[in-house]
Amino acid sequence: MHFIGITGTTCVGKSRTAVVLAKLLNKEVVSADSMQIYRGMNVGTAKITAEEAEGVPHRLIDVVNPDEEFSAYQWAQAAKKYLNSQPLVVGGTGFYFSALLFPPEFGGAGETRQLLKAQLKQHGVESLAKKLKEIDEQAYNLIDVKNPVRVLRALEIALEGRSLAEGTGKSRQPQYKAPIFVLQRDRQTLYHMIDRRVDQMMHAGLLAEVEKLVSRYGVLDTPAFSAIGYKELIEYLRGKCDLTQAVEQIKQNTRRYAKRQITYFKRLPDVRYVDVDSLTAEQTAYVIADTLKKEKWL
């Protein structure tokens, strides 16, 4: 075993479960969250606090500034440095798990990438997403089409006659042994929790956090500024909607993202689903620990 994976949609209870399990198994946590890597983005990413971590080391949080890019490949290379300790890899970014488990099949940036970047800057991510849907609908349905980095990469691969979906298919053999636990809730319960969390984030100062980021960096086309919760409030700050509309859009986009997460998790290898509706985080951690022992991972 190289690591224990804990994933699931936003709001499903990964962070607390991971802390309990890490203390139970004497493990550290490697974050697999594509937005918690950014410094200064705390409220909107539900970043774990020092108090909530309860002394459990959490790696790959606050890695880069919001004006920088940090690819899934870079994250995987960084995460590999911690695998000797057989950590808990915890987060909702399924693409990160794929990047860690499977060696890259596609090449790096070339002329196509530069052309697409120019189109992205001129016409926006919606234009590239529309093009992707036309030539590779399977990849379009697989990724977050609001994320310019994901769209650009998928379209680059599609224009080369290949498919991102094929590159993350079930037929590929993972390079690491890792049991992955997918925490799941009833869909309507999950949506209710998402809506409540967005309201809590607003009360906790999400708008002030976005204002601070915009004041410091301006509005950039880096992944950080396309994150759910941030892009909608940036639209509000630009006067393109009122605050109520922006908050409702955050909720809607988060619910849609959760649906995409659920779809993506089905593509990960060696997964075990854990229904957590009737479980506390502590109980969930013990269920995972018992499963690991029964399957002789520990």
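These lines cover the structure that appears in this document, whether it is placed above or below.

Conventions we followed
- Residue numbering note: each chain is counted from 1, following its sequence as written.
- Note on the predicted model: pLDDT of at least 70 is required for a residue's local features to be given, and 80 or more for side-chain atom pairs to be given and counted; whole-chain, interface and lining totals, by contrast, use all residues.
- Values shown for side chains rest on all heavy atoms present in the structure; no hydrogens or waters enter the calculation.
- Helix and strand labels come from DSSP, where a helix needs a run of H or I of at least four residues and a strand needs a run of E of at least two; each type is numbered from the N terminus.
- Partly exposed residues are those whose accessible area sits between 20% and 50% of the maximum for their type, while under 20% is buried and over 50% is exposed, using a 1.4 Å probe and protein chains only.
- What makes two residues a contact is simply this: any of their non-hydrogen atoms within 4.5 Å.
- What sets the accessible areas is the Shrake-Rupley method with a 1.4 Å probe; for residues, cover comes only from the shown protein chains.
- In this tally, Lys and Arg are treated as positive and Asp and Glu as negative; His is ignored, and so are the chain termini.
- Where a charge lies is defined by one atom per residue type: Lys uses NZ, Arg uses CZ, Asp uses CG and Glu uses CD.
- Whether two aromatic rings pair depends on their centres lying within 6.5 Å, for rings of Phe, Tyr and Trp, where Trp uses its six-membered ring; planes under 30 degrees apart make the pair stacked, over 60 edge-to-face, and the rest tilted.
- A ring has a charge above it when a Lys NZ or an Arg CZ is no more than 6 Å from the ring centre and no more than 35 degrees off the ring normal.
- Only the contacting stretch of a helix is used when fitting its axis, a line to C-alpha atoms as for every element, and angles between N-to-C directions run 0 to 180 degrees.
- Two helices cross in a left-handed way if the nearer one is turned anticlockwise from the farther one by less than a right angle. They cross in a right-handed way if the turn is clockwise.
- Residue classes follow a fixed rule: Ala, Val, Leu, Ile, Met, Phe, Trp, Tyr, Cys and Pro count as nonpolar, while Asp, Glu, Lys and Arg count as charged, and any other residue, Gly among them, counts as polar.
- Note on pairing: DSSP must find at least two bridges between two strands before they are called paired.
- Between Lys or Arg on one side and Asp or Glu on the other, a salt bridge is scored when a side-chain nitrogen of the former is within 4 Å of a carboxyl oxygen of the latter.
- Counting of polar contacts relies on pairs of N or O atoms within 3.5 Å, with two restrictions inside protein: one atom must be capable of donating a hydrogen and the other of accepting it, and residues adjacent in sequence are counted only when both atoms are side-chain atoms.
- Working rule for helices: expected span equals 1.5 Å times residues minus one.
- In this description, one arc is meant: the one made by directions from the helix axis to the C-beta atoms.

1. Focus: the overall build of the chain
Across its full length, the chain holds 14 helices and six strands. Scored against the burial criterion, the 298 residues of the chain give a buried share of 51%. Sequence-distant contacts in the chain: of pairs separated by 6 or more residues, those separated by 24 or more amount to 77%. Of the roughly 14,500 Å² of accessible surface on the chain, 47% is carried by carbon and sulfur atoms. With 42 positive and 35 negative side-chain charges, the chain shows a spacing of 3 Å between the two charge centroids.

2. What to know about the packing of aromatic side chains
Counting across every chain of the model gives three aromatic pairs. Measuring from centroid to centroid gives 6.5 Å for tyrosine 217 and phenylalanine 225, while their planes differ by 75°, and the two rings are edge-to-face. Overall, the relative accessible area of 16% leaves tyrosine 217 in the buried class. Between arginine 272 and the ring centre of phenylalanine 181, over which it is positioned, the NZ or CZ distance is 5.9 Å.

3. Examining the packing of helix H6 (residues 125-135) against helix H8 (residues 148-159)
The interhelical angle for the contact between H6 and H8, taken along N-to-C directions, is 35°, at an axis separation of 9 Å. For the crossing formed where H6 meets H8, the hand is left-handed. Contacts from Val125, Leu128, Ala129, Lys131, Leu132 and Ile135 of H6 reach H8 at Pro148, Val151, Ala154, Leu155, Ala158 and Leu159. Partitioning the contact of H6 with H8 into residue classes produces eleven nonpolar, no polar and one charged.

4. A short note on the pairing of strand S6 (residues 271-275)
By the alternation rule, side chains of S6 split into Arg272 and Val274, which are all buried, and Val271, Tyr273 and Asp275, of which none is buried. Across five bridges, the pairing between strand S5 (residues 180-184) and S6 is parallel. Following the sheet pairing, valine 182 is matched in S6 by tyrosine 273.

5. Observations concerning the pattern of salt bridges
Evaluation of the coordinates by the stated rule reveals 14 salt bridges. In this structure, arginine 16 and glutamate 54 form a salt bridge, with 2.8 Å as the shortest nitrogen-oxygen distance. Of this pair, arginine 16 sits in helix H1 (residues 14-25) while glutamate 54 sits in the loop between helix H2 (50-53) and strand S3 (58-59), and the two are 38 residues apart along the sequence. You can call arginine 16 partly exposed: its relative accessible area is 34%. The exposure class of glutamate 54 is partly exposed, given its relative accessible area of 37%. Between arginine 260 and aspartate 144 there is a salt bridge, with the nearest N and O atoms lying 3.0 Å from each other. Of the two residues, arginine 260 is situated in helix H13 (residues 243-265) and aspartate 144 in the loop between helix H7 (137-142) and H8; the sequence distance between them amounts to 116 residues. The pair arginine 260 / aspartate 144 is uniform in exposure class, with both members buried.

6. Concerning the sheet that holds strand S4 (residues 88-90)
Strand order in the open sheet formed by six strands is S3-S2-S4-S1-S5-S6, and the pairing between neighbours is parallel. Each edge of the sheet is formed by a strand with only one pairing partner; in this case those strands are S3 and S6. As defined by bridge partners, strand S1 (residues 4-8) adjoins S5 across four bridges and the pair is classed as parallel. Opposite glycine 5, over in S5, you have isoleucine 180 as the bridge partner. The sheet contacts of H1 involve S1, strand S2 (29-31), S3, S4 and S5, and relative to S1 the element is tilted by about 165°.

7. A word on the side chain of threonine 10
Mapped onto the fold, threonine 10 is located in the loop between S1 and H1. Polar side-chain contacts of threonine 10 include one of 3.4 Å to the side chain of arginine 197. Setting aside anything within four residues of it in sequence, one finds threonine 10 in contact with Leu190, Ile194, Arg197, Thr254 and Gln261.

8. With respect to H1
End to end, H1 covers 16 Å across twelve residues, agreeing with the expected 16 Å (1.5 Å per residue, within 8%). Those residues of H1 not exposed but buried are Lys14, Thr17, Ala18, Val19, Val20, Leu21, Ala22 and Leu25. At the exit of H1 stands asparagine 26, carrying a positive phi of roughly 60°.

9. Describing helix H10 (residues 187-203)
Its 17 residues give H10 an end-to-end C-alpha distance of 25 Å, which sits within 8% of 24 Å, the value for a rise of 1.5 Å per residue. Among all positions in H10, only Leu190, Tyr191, Met193, Ile194, Val198 and Met201 are buried. Projected down its long axis, H10 shows its buried positions confined to an angular sector of 160°, all on one face. Turned more than 90 degrees off the buried face of H10, the exposed positions are Gln188, His192 and His203. Residues of H10 that are buried make contact with helix H11 (206-217) and H13. Sitting at the head of H10, aspartate 186 places a side-chain oxygen 3.2 Å from the backbone nitrogen of glutamine 188.

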